[in-house]
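The primary structure of each chain is shown beneath.
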Amino acid sequence: MINNGRILFAKTGEALSEGIYLDPKMANRHGFICGATGTGKTVTLKVLAESFSELGVPVFLSDVKGDLGGMIMQGDDTADMRSRIERFHIGDSFSFKKFPTAFFDIFGQNGMPLRTTVSEMGPQLMAQCLELNQTQTAVLSVVYKIADDLGLLLLDTKDLKAMLSYVVENSAELELEYGHIAKQTVSTIVRAIVAIEAEGGEQFFGEPAIDINDFFSVDPDGRGVINILDAQTLINKPKLYSAFMLYLLSELFEVLPEVGDPEKPKMVFFFDEAHLLFKNASSALMEKIAQVIKLIRSKGVGVYFVTQSPADIPDEVTAQLSNRIEHALRAYTPAELKNLKAAAEAFRENPDFDTKELLTQLGTGEAIVSMLETGGVPGIAQHAYILPPESLMGPVTDAARKDAVLRNKLVDKYSEMIDRDSCYEFMMRRKQQLDTAAEEAKKQAELEKAEKAENAVRQKEQEALEKAQAKEAERLAREKQKLEEKAAKEAEKKAQQESKRMAKAAKSVLSTTAGSVGRQVGYAVGGSVGGKFGKTLGGNIGASLGRNILGTLFKG
């Protein structure tokens, strides 16, 4: 509720006639709403969100119980509400009304889908989302750097897994420039990605990524749009919830320009179940969160954490939260009593009550508050009674929610997921090219092997042929030699036969000749000695002697 340009959200005093205000000029100094379950935190959040909307300030808040959607409907004029309005003396200024509301849901079930890309999330927030240790976070940062150096887009989780596979496959080549990347560490990161995909990461990481500027909308009447993130399912997936909330915070810091201390905030964020944002956060991430919270106020953004205990928020962050609303706290254990004491001591003391004692006695809808006053001075603790909201208390019907989503001008922009060409597709093409090259190399190797085998067969056949030819030549040579030897023997035999024949003929001729010559000689000798008888005897003796002498010569 707006009163004289200030947010009237509670009243105090015995007659509840004294208003408690939040000065819009101080709203970007951040704050928190704390309290045990059932103490009225949700009503407080609604009243503040409605008031910022009336001021023309866009609001972003998470709805973890599903009971904030009633802002699109005006409140019910019941007897209980009329009694409360009368009790707070606000009948002249209070009116039941509905507020401009946009519904978002990472899973796209109860609102327009909300997405961001792996690149925009960055390695630090992604490491927080994946619950990585310091070593694994360092490796993830290197993987981001390699992708950036290669000009590869990391849009969704399959892009990141493809990049991790590439790094492992090429670790030897990458080691000289980027250092050693252990395969075991990469495997751990991949398993964490699979786990976040099981929580819905495949729907959250992708395009079109949310444009922060779309949260800065106002309706035709100049009222800021209340952007509600349906977190009924998301809250059961704490890694994804914290990752998204931290991303929004970082993105606001990066995108928005410096505005100093404006008359009213440019936007106010309410982070419900705030303890999830800081659970298991690394020291580096905690330092970054604290820095963003400290500096983002100069961008005109107010951040309000909603949680059950101030102890859920780290001290370095709590120190930046100037506007404080604490509902009843329960303290039974020593640790809870210690936290209660710390919470009470954080307020400027009010002499009218014991802050520590009152914190344990507050009823539903009551709170101890301290708002930042003009000049940046914290106000003293006040016992406050929170005003009722002007919109419908409780959840909205599914039909009304669906109708609000379909009528939103952003539904066409975010309803359909886009899967454009990025690292995964590049790596698939690369793999296909490598597979094709490997297949071609395999075919070439097979061809060369077949050709080699064929050549070997041909060589063996040639060798066998040459061996057979050599063997045949050898056989022919042997046969030729045998024939030649046979021919030589036959020739020799013939020569011997011819020689014998010639000798026989010669002997015969010579014998005859010798006999004739001897006979003639015998005739002459015998005739001269013995007359006719001597001539005959001398002729026979001479022939015989001539043949004997010739025979002896042939024998010799």
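Anything mentioned here points back to the structure above.
Structure report, in brief. (Residues numbered from 1 in each chain as written. Predicted model: local features only at pLDDT ≥ 70, side-chain atom pairs only at ≥ 80, totals over all residues. Heavy atoms only, no water.)

**Focus: the packing of aromatic side chains**
Logical step 1: One pass over the full model with this rule turns up 13 aromatic pairs.
Logical step 2: When the ring of Phe-52 is compared with that of Phe-270, the centres are 6.4 Å apart and the planes differ by 55°; the resulting orientation is tilted. Within this pair, whereas Phe-52 is found in helix H1 (residues 41-54), its partner Phe-270 is found in strand E8 (residues 267-272), the two being separated by 218 residues in sequence.
Logical step 3: The exposure class assigned to Phe-52 is buried, which follows from its relative accessible area of 0%.
Logical step 4: Using a relative accessible area of 1% as the deciding quantity, one classes Phe-270 as buried.
Logical step 5: Each ring, one from Phe-104 and one from Phe-215, has its centre 5.5 Å from the other, and the planes form 90°; the classification is edge-to-face. Of the two residues, Phe-104 sits in strand E6 (residues 101-104) while Phe-215 sits in the loop between helix H7 (183-204) and strand E7 (226-230), which places them 111 residues apart along the sequence.
Logical step 6: Look at Phe-104 and you get buried, because its relative accessible area is 0%.
Logical step 7: Geometry around Tyr-424 places Lys-158 over its ring, the cationic atom sitting 5.5 Å from the centre.
Logical step 8: Between Lys-266 and the ring centre of Phe-216, over which it is positioned, the NZ or CZ distance is 5.8 Å. (Phe/Tyr/Trp six-rings, centres within 6.5 Å; stacked < 30°, edge-to-face > 60°. Helix = DSSP H or I, 4+ residues; strand = E, 2+ residues; numbered from the N terminus. Buried < 20%, exposed > 50% of the residue type's maximum accessible area, 1.4 Å probe, protein only. Lys NZ or Arg CZ within 6 Å of the ring centre and 35° of its normal.)

**Quick word on the pairing of E8**
Looking down a regular strand, the side chains alternate between one sheet face and the other.
Logical step 1: Among the six residues in E8, six count as buried, and that is most of the element.
Logical step 2: Burial along E8 is two-sided: the face carrying Met-267, Phe-269 and Phe-271 and the face carrying Val-268, Phe-270 and Asp-272 are both buried.
Logical step 3: Here strand E5 (residues 59-63) runs beside E8; their pairing, made up of three bridges, is parallel. Paired with Val-59 across the strands is Val-268, a residue of E8.
Logical step 4: Pairing of E8 with strand E9 (residues 301-307) involves six bridges; the strand directions are parallel. Opposite Met-267, over in E9, you have Val-301 as the bridge partner. (Pairing = 2+ DSSP bridges.)

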